[in-house]
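Coordinate inspection notes
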Amino acid sequence: MSDQSHSHEPFRDRTPLAEARARLRERVEPHGRTDTVALGDAVGRVVATRIESPANVPDYRRAAMDGYAVRAEDTFGASDRSPVVLEETDSDLGPHSARQVHTGSELPADADAVVMVEETNRAGSEVEIFAAVSEGENVGPVGEDVAAGQLLFEPGARLRPSDLGLLKSVGLTEVTVAERPTVSVIPTGEELVQADPEPGEIIETNGLTVSKLVETWGGEPTYNDIVTDDEAELEAAITDALAHDIVVTTGGSSVGARDLLPEVVSGIGEVFVHGVGLKPGHPVALGVVEGTPVLILPGYPVSCLVNAVQFLRPAMAWAGGGSVAQFPTVSARLDEKIYSEPGIRSFARVKLQEQDGDQVATAVRASGAGVLSSVALSDGWVVVPEESEGLDAGETVEVQRWEGSA
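Model, not experiment: these values are computed from the prediction. (Residues numbered from 1 in each chain as written. Predicted model: local features only at pLDDT ≥ 70, side-chain atom pairs only at ≥ 80, totals over all residues. Heavy atoms only, no water.)

On to unusual backbone geometry, then. Cis geometry marks the peptide bond from valine 57 to proline 58, where omega comes out at -5 degrees. Summarising the element assignment, proline 58 is placed in the loop between β2 (51-52) and β3 (62-63). Each neighbour pair has its own omega, and for lysine 279 with proline 280 the value is -5 degrees, a cis peptide bond. Tracing the chain through its elements places proline 280 in the loop between β19 (278-279) and β20 (285-289). For histidine 96, which is not a glycine, the phi torsion comes out positive at approximately 60 degrees. Along the polypeptide, histidine 96 turns up in the loop between β5 (84-88) and β6 (97-101). Judged by its relative accessible area of 49%, histidine 96 falls in the partly exposed class. (Helix = DSSP H or I, 4+ residues; strand = E, 2+ residues; numbered from the N terminus. Buried < 20%, exposed > 50% of the residue type's maximum accessible area, 1.4 Å probe, protein only.)

Before going further, it helps to examine the sheet that holds strand β18 (residues 270-274). Strand order in the open sheet formed by 6 strands is β16-β13-β17-β21-β20-β18, and the pairing between neighbours is mixed. Two strands lie at the open edges of the sheet, namely β16 (220-223) and β18, each paired on one side alone. With strand direction ignored, the average angle separating the axes of adjacent strands in the sheet is 20 degrees. Summarising the sheet, β18 and β20 pair through 4 bridges and their orientation is antiparallel. For histidine 274, the partnering residue across the bridge sits in β20 and is alanine 285. Those strands touched by helix α1 (residues 17-27) are β18, β20 and β21 (292-297), and its axis lies near 155 degrees from that of β18. (Pairing = 2+ DSSP bridges. Axes fitted to C-alpha atoms, helices over the stretch in contact; angles between N-to-C directions. Contact = heavy atoms within 4.5 Å.)

It is worth spelling out the packing of aromatic side chains at this point. Using the criterion set out here, one finds 2 aromatic pairs in the structure. Note on phenylalanine 347 and tryptophan 381: the rings are 5.2 Å apart at their centroids and 65 degrees apart in plane angle, and the pair reads as edge-to-face. Note that phenylalanine 347 is positioned in strand β24 (residues 345-355) and tryptophan 381 in strand β26 (residues 380-384), a separation of 34 residues in sequence. Note on phenylalanine 347: relative accessible area 2%, which makes it buried. When its relative accessible area of 1% is taken as the criterion, tryptophan 381 is described as buried. With a centroid separation of 4.8 Å and 15 degrees between ring planes, the pair formed by tryptophan 381 and tryptophan 402 is classed as stacked. With tryptophan 381 in strand β26 and tryptophan 402 in the segment after β28 (396-400), this pair connects stretches of sequence that are 21 residues apart. Across this residue pair, the class does not change: tryptophan 381 and tryptophan 402 are buried. Aromatic rings pair up to connect Phe347, Trp381 and Trp402 into one cluster. The ring of phenylalanine 272 carries the charged tip of arginine 27 above its face, separated from the ring centre by 4.0 Å. Lying over the aromatic face of tyrosine 339, lysine 337 brings its terminal NZ or CZ to 5.2 Å of the ring centre. (Phe/Tyr/Trp six-rings, centres within 6.5 Å; stacked < 30°, edge-to-face > 60°. Lys NZ or Arg CZ within 6 Å of the ring centre and 35° of its normal.)

This brings us to helix α2 (residues 161-169). Along α2, the residues that are buried comprise Asp163, Leu164 and Leu167. Taken end-on, α2 shows its buried residues confined to a sector of 100 degrees, consistent with a single buried face. Set apart from the buried face of α2 by more than 90 degrees, the exposed residues are Pro161 and Lys168. Of the surrounding secondary structure, the elements contacted by the buried residues of α2 are β2 and β11 (151-153). Two residues or fewer past α2, glycine 171 is found with a positive phi of approximately 100 degrees. (Arc of directions from axis to C-beta.)

Attention shifts here to the environment of leucine 166. Examined against the element boundaries, leucine 166 turns out to sit in helix α2. Exposure remark for leucine 166: the relative accessible area of 27% places this residue in the partly exposed category. Remark: the alpha-carbon pair of leucine 166 and glycine 67, spanning 99 residues in sequence, is separated by 28 Å.

It is worth spelling out the pattern of salt bridges at this point. Scanning the entire structure with this criterion turns up 16 salt bridges. Across the pair arginine 50 and glutamate 154 runs a salt bridge whose closest N-O atoms are separated by 3.6 Å. Of this pair, arginine 50 sits in the loop between β1 (34-38) and β2 while glutamate 154 is found in the loop between β11 and α2, placing the two residues 104 residues apart along the sequence. Its relative accessible area of 41% is what places glutamate 154 among the partly exposed residues. Arginine 345 is paired through a salt bridge with glutamate 386; the nearest N and O atoms lie 3.1 Å apart. Of this pair, arginine 345 sits in strand β24 while glutamate 386 sits in the loop between β26 and β27 (390-391), and the two are 41 residues apart along the sequence. A relative accessible area of 24% means that arginine 345 is categorised as partly exposed. Salt bridges here are not isolated pairs; linked through shared partners, they connect Glu26, Arg27 and Glu270. (Salt bridge = Lys/Arg side-chain N within 4 Å of Asp/Glu carboxyl O.)

Let's shift gears to the environment of proline 161. Secondary-structure assignment places proline 161 in helix α2. Once the C-alpha coordinates of proline 161 and proline 314 are considered, the two residues, 153 residues apart in sequence, prove to be 22 Å apart.

Glancing now at the sheet that holds β6. One open sheet holds the 6 strands; their spatial order is β7-β4-β6-β5-β9-β8, and the pairing between them is mixed. If you trace the sheet from one side to the other, it starts and ends with β7 (113-116) and β8 (120-123), each paired once. Strand-to-strand, the axes of this sheet are offset by a mean angle of 40 degrees, without reference to chain direction.

See the structure below:
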């Protein structure tokens, strides 16, 4: 890249978060690659093809209660005072006969109902029936759980452990899923080192953290070496990474003299967002080079994390053909006011504790983009919407447990 002058004016406009995500969504295409994996390896994977049940579950009529399989018509008129007496058998039913069954047992071919054991009394080779049953009573029909041909999963569904149990129950042993999206993570900054920092140097943490988030969110990360603040080296690092589904850089995203990445990406592609209305983390940039999304995350650790959650996580879901899952949340009462700037979506880090049976959220820190410990020591964050100037003490809020969700 040729040398050029840089214009480093402060952000005049910040794109609203929802609009920035919508612009990113337009530029992320599903990669379309698939893989076939054993069910035991499919938790968290995204279904790639429509899955229909190949069989009925159960594929036989089964007893829904412990008791006696009977022909319903043989029990008509039975009561506590006038029981019907049937002959016990251990084979197919004939007229006025009954066969003992347990919950889940296959019913004899001629049986059409089950009398609960509580409504019976065995007397030698005979069974007294104290309550009449109707046809189909206490009987699980063929396909009661799953019917053959029933749609189980559409493409894009993310498989949970219970889903794997369902797939196994219908006889499947493997499933076709989307390949995990690949993400190249490039930490940048001439001040960064991996260990043993000297004065003025900083240990690299953003790239490691983002790489592990990629794994948590179901992707395959490539954690690259640190790239210094040099246009040619930054351009080469990004260009070399374009075979991945997504490229993520950390640092160099703002408008300072060493914030080169937005101009580097603009020189070889397009930057369609630079500056977003969120806090912490407004100096984020989003671009695309040769069809590959490039996410330029800020260097401050908390800003980097917030933007990774808001942009990288959904981009990975879209690239893998899935949808963006909602975060698990906990309702809690704020124990002190949280202040926020109107027009900016803020992410206030909070710690949860139980008081008198209720969850109480205590602000760890609502600001401080560089204080990584404020995230590590929190249980989640409270989102303060753009139209609000803050949240009052005593207000019930939803705490997003963002780090515990794929």
